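# Structure at a glance
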Amino acid sequence: MTAEEIKQIIITQILEIAPEINEGDVDPDAHIQRSLEIDSFDFLRILTALSKEIGIAVPEADYGQVDTLNHMVDYFVKHS
Amino acid sequence: MSTFAMPSLGADMKSAVLMEWKVKEGDRVSKGDVIAEVETSKGVIEIEIFEDGIVEKILVPEESEAKVGTPLAIIRGLDEGIAAQEPAGSDVAAKTSEAEPPSTPLQPVSDEPIEPKRVKSSPLARKKAKELGIELSSLSKDDKAVHLAQVESKKISSTTAMGGMRQAIAKAMSRSNAEIPHYYLSTAINMTLALHWLEERNQERTIEDRILPAALLIRAVVLALQEVPQLNGFWMDDDLHMSEAINPGIAISLRKEGLVTPAILNAEQMDIDTTMRSLSDLIIRTRSGKLRSSEITQQTITITNLGDLGVESVYGVIYPPQVALVGFGRIMDAPWADGDSLSVRKVMQATLSGDHRATDGRTGGQFLNKLDQILQTPEELL
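## Considering the overall build of chain B
For chain B, the helix and strand inventory stands at 9 helices and 19 strands. Relative to its 382 residues, chain B shows a buried fraction of 47%. Taking contacts inside chain B between residues at least 6 apart in sequence as the whole, the part at least 24 apart equals 63%. Surface accessibility of chain B: about 18,500 Å² in total, with carbon and sulfur atoms responsible for 51%.

Right, dumping it as structure tokens:
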């Protein structure tokens, strides 16, 4: 998977779980949870959905490395 | 025979729209079954029945508005054999209920041109959409009925006018601050041990089964309330009524549309896994607008966790007739003194808002102490 494909998958999952969000609201360098009002519960649902789509389950210890969209893409590229 | 009436789903509710019957005449129902869906300012609520019996007659047709207390159906007890008046009775009743619903009249549909493909919606949603000039068809997804909340959220997103949910919250909170003499207590809790314990448990689990700190905190509150039950209950008729069941109302944000605090019912009977599963289920159903009547009427205390928003401490307003609210802030790295050594630990502010008519600061203090103790021995949280 290319970085661009991974990015699209992540955006799709965010919009799926928080349908109130518009794609334009997603700033690739903003803190996902705080900028989009994603609570820890929905964040876990997003990571769960991504583990199914991409095949990588982010351990809790690595949450600091997936805080923004760009960081999340880097993380999945690095671990795939 | 007994009548099943439109329940009150909050002090501010005067009427609701019966959207859909989940049972038909002749069906057997048991205590706790969902028998209908109604639409209120809080969204679509599934209403439950609190007795066993057989649905004798349905009195209010779907998509009609009924005031609180309006009989919606007649329920025959299981031991009451088939009533003698049935041959005459049921037939007539069935006819009348079709011809003239005993509820508040439907919104007139005559001025709505009959479209080839009519968008299903509640009368309230239809009326509101018309007022606001919103096309109902623009809100309809997969042929599902359009509810008032959807129209209102559309309104909120396009104007600054208040939605029904905002008004409901406004009423309840004004009443709370006018009636309840609040006291507030706060304590810093070292969460390092509890989070470490949780992380170890979660490492053994798949991502689907991970437990969130939010569930751990709910479980800790429930255990602390078992030791300090005076904070779990209601203030009614100038007296404190403690509740045996612990039904914590969990403040769940709907992001752009407000806040609901539905309960995890009988949380005292759950372990940490069941608490997490119930929390997940509750959040998903809250955000998709599928709560049950018992969940929005039987809260015995409220828990608000604003840590995800980066807030440090929460001084909450109690939801009457409850007598307490527990607030949790962000878990953050902070200096922590232990004996004469200073280190950096995961620290969280826990607060308690108490109703001073029901309890004193002493009781609130005992609760926060107990909560702290429990969180220092996380293996007891299982």
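On we go.
## What about the interface of chain A and chain B?
Tallying the contact residues gives 25 residues for chain A and 20 residues for chain B. Carbon and sulfur atoms supply 53% of the area buried between chain A and chain B, which totals about 1,900 Å² over both sides. When the buried area of chain A at its contact with chain B is split by residue, A:Glu20, A:Phe41 and A:Glu60 rank highest and sum to 34% of it. Put simply, chain A and chain B have 3 salt bridges between them. Where chain A meets chain B, there are 6 residue pairs in polar contact (both at pLDDT 80 or more). Going through the elements one at a time, helix 2 (32–36) and helix 3 (40–54) of chain A are the ones with two or more residues in the side of chain A that touches chain B. Broken down by element, the residue count for the side of chain A that touches chain B peaks at 9 residues, all from helix 3 of chain A. Residues belonging to the side of chain A that touches chain B are distributed by class as follows: 12 nonpolar, 4 polar and 9 charged.

## Examining the sheet that holds strand 6 (residues 53–58) of chain B
Residues and elements named next belong to chain B. Taken in spatial order, the 4 strands make up an open sheet running 1-8-6-3, and their pairing is antiparallel. One side of each edge strand has no neighbouring strand; the edge strands of this open sheet are strand 1 (2–5) and strand 3 (28–29). Both strand 3 and strand 6 contribute to a ladder of 2 bridges, which runs antiparallel. Its bridge partner lying in strand 6, valine 29 is registered against glycine 53.

## What about the pattern of salt bridges?
All names here are of chain B. Counted under the stated rule, the structure contains 17 salt bridges over all chains. In this structure, the salt-bridge partner of lysine 22 is glutamate 37, at a minimum N-O distance of 3.3 Å. Of this pair, lysine 22 sits in the loop between strand 2 (15–21) and strand 3 while glutamate 37 sits in strand 4 (residues 34–40), placing them 15 residues apart in sequence. Note on glutamate 37: relative accessible area 4%, which makes it buried.

## Details of the nonpolar core
Core analysis: the biggest nonpolar cluster contains 105 residues, and A:Phe76, B:Phe367, B:Leu371 and B:Leu375 have the highest contact counts within it. When residues are assigned to domains, this core turns out to be shared by domain 1 (2–99) and domain 3 (181–381) of chain B, each giving three or more. Setting aside residues no more than four positions away along its own chain, A:Phe76 makes contact with A:Ile6, A:Ile10, A:Leu50, A:Ile54, A:Ile56 and A:Val58.

## A closer look at the pairing of strand 16 (residues 301–305) of chain B
All names here are of chain B. Taken across its 5 residues, strand 16 has 4 buried, putting it largely inside the fold. Bridge analysis of strand 12 (residues 248–250) against strand 16 gives 3 bridges, and the strand direction is parallel. Along strand 16, the bridge assignment pairs glycine 249 with threonine 302. Where strand 16 and strand 17 (residues 324–328) come together, 4 bridges link them in parallel fashion. Bridged to asparagine 305 within strand 17 is phenylalanine 328.

## Re the confidence of the model for chain B
It should be kept in mind that the predicted coordinates are not to be read in detail where pLDDT is low. Residue and element names in this part refer to chain B. Chain-level statistics for chain B give a pLDDT mean of 83 and a share of 77% at 70 or above. Here residues 84–117 is a poorly scored stretch, pLDDT under 50, and it has 30 contacts once near neighbours within four places are set aside; other chains count. Throughout residues 155–161 the model reports pLDDT below 50, and contacts reaching past four residues in sequence, or to other chains, amount to 9 contacts.

## Thoughts on the sheet that holds strand 2 of chain B
Residue and element names in this part refer to chain B. With mixed pairing, the 5 strands of this open sheet are ordered in space as 7-2-4-5-15. Edge positions in the sheet fall to strand 7 (64–67) and strand 15 (291–292), since each of these pairs with one other strand and no more. Across 6 bridges, strand 4 lies against strand 5 (residues 43–48) in antiparallel orientation. Pairing of alanine 36 across the sheet is with isoleucine 47, part of strand 5.

## Section: helix 4 (residues 164–179) of chain B
All names here are of chain B. Compared with an ideal rise of 1.5 Å per residue, which puts 16 residues at 22 Å, helix 4 spans 23 Å between its outermost C-alpha atoms and is within 8% of the ideal. Listed in full, the buried residues belonging to helix 4 are Gly164, Met165, Ala168, Ile169, Ala172 and Ser176. On an axial view of helix 4, the arc spanned by its buried residues comes to 140 degrees, and they lie on one face. Among the exposed residues of helix 4, those pointing more than 90 degrees away from its buried face are Asn177 and Ala178.

Rules used throughout
- Residues numbered from 1 in each chain as written.
- Chains lettered and ligands numbered in written order.
- Predicted model: local features only at pLDDT ≥ 70, side-chain atom pairs only at ≥ 80, totals over all residues.
- Heavy atoms only, no water.
- Helix = DSSP H or I, 4+ residues; strand = E, 2+ residues; numbered from the N terminus.
- Buried < 20%, exposed > 50% of the residue type's maximum accessible area, 1.4 Å probe, protein only.
- Contact = heavy atoms within 4.5 Å.
- Areas by Shrake-Rupley, 256 points an atom, 1.4 Å probe, with all protein chains shown as cover.
- Buried area = accessible area lost by both parts, 1.4 Å probe.
- Salt bridge = Lys/Arg side-chain N within 4 Å of Asp/Glu carboxyl O.
- Polar contact = N/O pair within 3.5 Å; in protein donor to acceptor, adjacent residues only side chain to side chain.
- Nonpolar A, V, L, I, M, F, W, Y, C, P; charged D, E, K, R; others polar.
- Pairing = 2+ DSSP bridges.
- Core = buried A, V, L, I, M, F, W, Y, C linked by side-chain atoms within 4.5 Å.
- Domains from an automatic or database assignment.
- pLDDT = per-residue confidence, 0-100.
- Expected span 1.5 Å × (residues − 1).
- Arc of directions from axis to C-beta.

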